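Chain by chain, the residues run as shown.
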Amino acid sequence: MRYLPLNNNDRAAMLDVVGVKSIDGLFEDVPEAARLDSLIDVPLHKTESEVDGHLTALAAKNRAAGAGPFFIGAGAYRHHIPATVDHLIQRSEFLTAYTPYQPEISQGTLQVLFEFQTQVAMLTGMDVANASMYDGSTACGEAVLMACRVKRRKKVFVASGVHPHYTAVCKNTSQYQNIDLRVADCAPNCDAGILNGLDKDTAAIIVQSPNVFGEVIDLAPYAEAAHEVGALLIAVFTEPVALGAIKSPGEMGADIVVGEGQSLGVGLNYGGPYVGLFAVAQKLVRQMPGRVCGETVDANGERGYVLTLSTREQHIRREKATSNICTNSGLCTVAFSIHMSLLGEAGLRTLATLNHEKACQLADALGAIDGVELVTESFFNEFTLRLTKPAKDVVEAMVAKNVLGGLPAARLMDGQDDLLIVCATETNSDADINAFVAALTEALS
Amino acid sequence: MPLWPRLRRLYHEHEYARSEHDTTNEWLYPSRNCIWQQRLISKELLIFEVGTPRRTGVDFPALKGTKSRLGGMERTSEIGLPGLTEPEVMRHYVRLSQKNYAIDLGVYPLGSCTMKHNPRLNEKMARLPGFADIHPLQSENTVQGALELIDELADWICKLTGMPAVAMSPKAGAHGEMCGMMAIRAALDAKGADHKRRVLVPESAHGTNPATAVQCGFSIDSIPATDDGRVDMAALKAKLGDDVAGIMLTNPNTCGLFERDIIEIAELIHGVGGYFYCDGANFNALVGRVRPGDLGIDAMHLNLHKTFSTPHGGGGPGSGPTVLSDALSPYAPVPYVVKSNGTYRLVEDADSGDSFGRMTAFHGQMGMFTRALSYMLSHGSDGLKQATEDAVLNANYVQASLSDVMSPAFGGVCMHEALFDDSFLKGTGVETLDFAKAMIDEGYHPMTMYFPLVVHGAMLIEPTESESKAELDRFIDVMRGLALKAKSGEVDMFKQAPIYAPMRRLDETQAARKPVLRWRVPTTD
């Protein structure tokens, strides 16, 4: 077997040193009833080319986003990732290292984490960020727990327009901790009526911008209302590129900002792995979940980095930890950080503007089709259409024309069968847009 | 600050490495071969000190100047993010990478972490556009291959564990623990058993176990270990009661030992109406030899990034599929894949059944699924069993070869990892931490230290099946040499270590006391 260096001579010599007659001697603590005497009923080993063939055949049954017109967003976005990113994250030293528990020989990972934390803090307009969470949705769930810890209150409001899967994760994460999660109906152009319910038992309100329908939301009134009752504003985003064009959540008064970082460096990957971003105001740092990297000096006084504030974490605090989280999204943070370093502020702003321009172009083109109404007035790179036919049927009809033309809102929420959520990025060409227009026109006619 | 790369010319300081050893063996001067000397170790500035917000390493087409429709929310403030050109980026990250140790550089014997070889075929497969470039919300009929892959991996997992069902969406080990404990909580709630809130957790457990149980609304009751490193059955029996929701037990446990009484433990827990959560972090000791399903467990997470070699990536991403018994599977989280008439489909709505809910926005770590299935297909049933046996043999070989100079924590054979305590260092002035840092100077990543907590000054060594005998012999020689040096009074060398690493010991106390968690523009005061 190509991955196993020991041969039978080695094994015999090593068993001798150990002092057992056969390998079975090493498994004698296993109760007899549980010892397997035959191989498990799965195939025998395969050559590299056989495995390659098997998986390549499976991959070929999928319609890759890049294999034709593609306009789906709603929590995961297709952007061009510079070749440099994937090359660098395949360096053995990044790819095959463990969590940087021995800082003297992990400065590569640690410095990247320190830079990543700073980039996320800058992007979100917050003081500090952690070294990542599993993804945006789990970061959002952790934010709910954190807000309740900080405020010692148990009520959390979820505003309309928060991605329903994020809401579901918040519900799930908090369901056994007596947290009262009040969720507003998810619909486009929803007013801020939920703010009337805030009271002195409220720990936080969660607001997403741009929201799941693509609407850009002014978070300031939500922050004001939350702060008035002593609650926190948890701001959510699923498209980090948007923050190159719109005001940062920090500028609008957010206390905790969580988001999905997948757009930068990571790719679609059918939903994972992704990279959860988590940033907070300075005063909340010690209640923040997840790993954090900090600056220090070594015995020679040279600047270096270590994982720090570990007294919040499960391996020290056990049942009193701020979270049970252990693994983060290590390599995805490296990818995010490299992509962001390549872009810089100027590049990010240009990328954001390009996305917005593509979305405006697409909105105009689709909005001109009979039977299509644009329901999102202000948006970034994603918007929602109301169709005269059920969006699910329309999308399936377009699939037959090899156009992946948006997401039926009904896949995420009840009662919005005529809504189609559409996304454009810099990867969409004019030809893609024309194909989309033709397919949608035909599907609606 | 000098930017000039400096080569650490430290060969003359190697005299200490020459003493006490058979000088005919080149590898008894390990420091000469230490990987750190072969590198240019540079002081690498932060991107914020190199780049500027106006520079960029990405070229774009010209903008059209479209009128913005951002609803008056345009960003007007500076972000401050520095940009670097492509060559600058390449150098920065390659230089940084060279400050890391990695499994591709040498033995990485971190106990409980299973640092095994990461086959590059798996990386190639995960990057096929048919897997890497598909969206989690595409129509099901455009992702049949992805759903088939998830189903095929789930089938392997069920067969290897001997369990009837698996939840694929948990994103890492601790997330899988949460999945299992939530399924237990949901099953108890369905029975109206709201008095069952106490979870038994051995003292040797990973910290994630108690942290997870508390997040699911349970309280923790610790079970002590016996002198031979296993669950104290008398103590366990004394703690049983009607309010017990279940037990969280790692097997092999964190001392690297198989819990001999595990079947009886399962029966006892089931006897009081509780459920058995098994922490699967150490499944690498069992694959192909023991099926957890035959031990009476109800739930167990797998760490695909450990046992099935999806790379650790410097701390993630992981993947924690969680197998469930028939009693718990109705409560599994959404989404999950079902197959009917040759077509795969996703069940995404938690409201329609008994599912306890949704753990993550999408379907789990697809990129890790691809790698793990590639690993399983490559090994096959025969290779997986052989890998397990080699992993256990390697650990026992290390334990047996060091038992006269170091102090194994418990007698007898171990499973896939060998646990030592610090009694061999007693009176030397050298502590576990010093010993670990001295290993760095010999070119090795240290073992896991001070875990599990039940052993004083613990050193937990997990070599995995990826090491050749020759590589292990070199490692053993180095460890023996260090143990003898400690005993011969060379305390200072240990206290100074590491001196050949990219950095000397870092001040972790200062980092925690006055946290500096980000770069800021230097002020001029």
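Per chain, residues are indexed from 1 in the order of the written sequence. The order in which chains are written sets their letters, starting at A; the order in which ligands are written sets their numbers, starting at 1. Where local features are concerned, this predicted model is filtered to residues with pLDDT of at least 70; where side-chain atom pairs are given and counted, the filter is 80 or more; whole-chain, interface and lining totals use all residues.

Engineer: Please set out the overall build of chain A residue by residue, giving values where relevant.
Structural biologist: In DSSP terms, a helix is any run of H or I states spanning at least four residues, a strand is any run of E spanning at least two, and both are numbered starting from the N terminus. Tallying secondary structure elements over chain A gives 12 helices and 13 strands in all. Along the first, second and third principal axes, the C-alpha atoms of chain A reach 80 × 55 × 50 Å. For chain A, buried positions account for 62% of its 445 residues. The contact criterion used here is simple: two residues whose C-beta atoms, placed from the backbone, lie within 7 Å are in contact. Look at the contacts in chain A between residues 6 or more apart in sequence, and 74% of them connect residues 24 or more apart. Buried residues are those with 20 or more other C-beta atoms within 10 Å of their own C-beta, exposed residues have 12 or fewer, and partly exposed residues lie in between; C-beta atoms are placed from the backbone.

Engineer: Can you break down the environment of Gly197(A) residue by residue, with the values?
Structural biologist: Residue and element names in this part refer to chain A. Note that Gly197 resides in the loop between β3 (180–183) and β4 (202–208). Remark: the alpha-carbon pair of Gly197 and Phe157, spanning 40 residues in sequence, is separated by 8.5 Å. What Gly197 contacts, discounting residues up to four positions off in sequence, is Phe157 and Arg182.

Engineer: If you had to explain the packing of helix α2 (residues 48–60) of chain A against helix α6 (residues 144–161) of chain B to someone new, which residues and values would you point to?
Structural biologist: Lines are fitted to the C-alpha atoms to define the axes, a helix being fitted only along its stretch in contact, and any angle between axes, read from their N-to-C directions, falls within 0 to 180 degrees. The contact between α2(A) and α6(B) brings their axes to 6 Å, and the two run at 135 degrees. Between α2(A) and α6(B), the crossing angle belongs to the class labelled oblique. Where α2(A) abuts α6(B), its residues Leu58(A), Ala59(A) and Ala60(A) lie against Gly145(B), Glu148(B) and Leu149(B). For this classification, Asp, Glu, Lys and Arg are treated as charged, while Ala, Val, Leu, Ile, Met, Phe, Trp, Tyr, Cys and Pro are nonpolar and the rest, including Gly, are polar. For the contact of α2(A) with α6(B), the per-class residue count stands at four nonpolar, one polar and one charged. Angular relationships are summarised with four words: roughly parallel below 35 degrees, roughly antiparallel beyond 145, roughly perpendicular across 65 to 115, and oblique for the angles in between.

Engineer: Lay out the interface of chain B and chain A in plain terms, naming residues and giving numbers.
Structural biologist: Many descriptions give the size of an interface as the accessible area lost when the pieces come together. Each partner contributes residues to the interface: chain B has 171 residues there, and chain A has 167 residues. Element by element, the count of residues in the side of chain B that touches chain A is highest for helix α11 (residues 366–402) of chain B, at 23 residues. Taken together, the residues that form the side of chain B that touches chain A break down as 82 nonpolar, 55 polar and 34 charged.

Engineer: Help me get a handle on the sheet that holds strand β9 (residues 322–324) of chain B, residues and values and all.
Structural biologist: All names here are of chain B. Paired strands are those between which DSSP finds at least two bridges. With respect to topology, seven strands assemble into an open sheet ordered β3-β9-β8-β7-β6-β4-β5, the strand pairing being mixed. Among the strands making up the open sheet, the edge pair consists of β3 (165–167) and β5 (219–223). Geometrically, the sheet is characterised by an average inter-axis angle of 25 degrees between neighbouring strands, direction not taken into account. Across two bridges, the pairing between strand β7 (residues 275–279) and strand β8 (residues 299–301) is parallel. The partner of Tyr277 across the bridge, within β8, is Ala299.

Engineer: Any chance you could break down the nonpolar core for me, citing the residues and the numbers?
Structural biologist: Buried Ala, Val, Leu, Ile, Met, Phe, Trp, Tyr and Cys residues form a nonpolar core when they are connected through C-beta atoms within 7 Å. One finds Ala147(A), Ala204(A), Ile205(A), Ile206(A), Leu233(A), Ile234(A) and Ala183(B) to be the most contacted residues of the largest nonpolar core, which totals 319 residues. Ranked by residue count, the leading element in this core is α11(B), at 18 residues.

Engineer: I'd love a proper account of the domain arrangement of chain A, names of residues and values included.
Structural biologist: Residues and elements named next belong to chain A. Source of the domain bounds: an automatic or database domain assignment. Considered domain by domain, chain A is made up of domain 1 (65–81 + 348–444) and domain 2 (83–339). Using C-alpha coordinates to define each centre, domain 1 is positioned 28 Å away from domain 2. Each partner contributes to the interface: domain 1 provides 28 residues, whereas domain 2 provides 30 residues. Of all the elements in the fold, those that place two or more residues in the side of domain 1 that touches domain 2 are α10 (330–367) and β11 (382–387). Considering every element that reaches the side of domain 1 that touches domain 2, the biggest residue donor is α10, with seven residues. Grouping the constituent residues of the side of domain 1 that touches domain 2 by class yields 15 nonpolar, 10 polar and three charged.

Engineer: Talk me through the pairing of strand β6 (residues 256–260) of chain A; I want residue IDs and the actual numbers.
Structural biologist: Residues and elements named next belong to chain A. Most of β6 sits out of view: five of its five residues are buried. Of the two faces of β6, both are covered, the one formed by Ile256, Val258 and Glu260 as well as the one formed by Val257 and Gly259. As paired elements, strand β5 (residues 232–237) and β6 share four bridges and run parallel to each other. The residue bridging Ala235 from the neighbouring strand is Val257, located in β6. Here five bridges tie β6 to strand β7 (residues 276–280), and the two strands are oriented antiparallel to one another. By the bridge assignment for β7, Val258 is matched with Phe278.

Engineer: So what's going on with the packing of helix α6 (residues 136–151) of chain A against helix α7 (residues 164–174) of chain A? Which residues, and what values?
Structural biologist: Residue and element names in this part refer to chain A. Packing of α6 against α7 brings their axes to within 8 Å, and their N-to-C directions diverge by 45 degrees. Between α6 and α7, the interaxial angle falls into the category oblique. For the pair α6 and α7, the crossing hand works out as right-handed. Between α6, through Gly136, Ser137, Thr138, Cys140, Gly141, Glu142, Val144 and Leu145, and α7, the contact on the second element is made entirely by His165, Tyr166, Val169, Cys170, Asn172, Thr173 and Ser174. Looking at the contact of α6 with α7, its residues break down into six nonpolar, eight polar and one charged. Definitions for this section: a left-handed crossing has its near helix turned counterclockwise from the far helix by less than a right angle. A right-handed crossing has that turn clockwise.

Engineer: Summarise helix α12 (residues 430–444) of chain A; cite the residues concerned and give the values.
Structural biologist: All names here are of chain A. End to end, α12 covers 21 Å across 15 residues, agreeing with the expected 21 Å (1.5 Å per residue, within 8%). Looking only at α12, the buried set comprises Ala435, Phe436, Ala439, Leu440 and Ala443. Looking down the long axis of α12, one finds its buried residues gathered within 125 degrees of arc, a one-sided arrangement. For α12, the exposed residues lying more than 90 degrees away from the buried face are Asp430, Ala431 and Asn434. One fewer than the residue count of a helix, multiplied by 1.5 Å, yields its expected span. Working note: the arc is built from the helix axis to C-beta atom directions.

Engineer: Can you tell me about the sheet that holds strand β12 (residues 407–408) of chain B, naming the residues and giving the values?
Structural biologist: Residues and elements named next belong to chain B. Taking strand neighbours across the sheet as the criterion, the four strands line up as β12-β13-β15-β14 in an open arrangement whose pairing is antiparallel. Pairing within the sheet leaves two strands with one partner each, and these edge strands are β12 and β14 (448–449). Bridging between β14 and strand β15 (residues 459–461) involves two bridges; their strand directions are antiparallel. Pairing of Met449 across the sheet is with Met459, part of β15.

Engineer: I'd like a rundown of the pairing of β11(A), residues and numbers included.
Structural biologist: Residues and elements named next belong to chain A. Taken across its six residues, β11 has five buried, putting it largely inside the fold. Both strand β10 (residues 372–374) and β11 contribute to a ladder of three bridges, which runs antiparallel. The residue bridging Glu373 from the neighbouring strand is Arg386, located in β11. In this sheet, strand β13 (residues 419–423) lies alongside β11 in antiparallel orientation, the contact comprising five bridges. Each residue of the ladder has a partner; that of Phe383, found in β13, is Val422.

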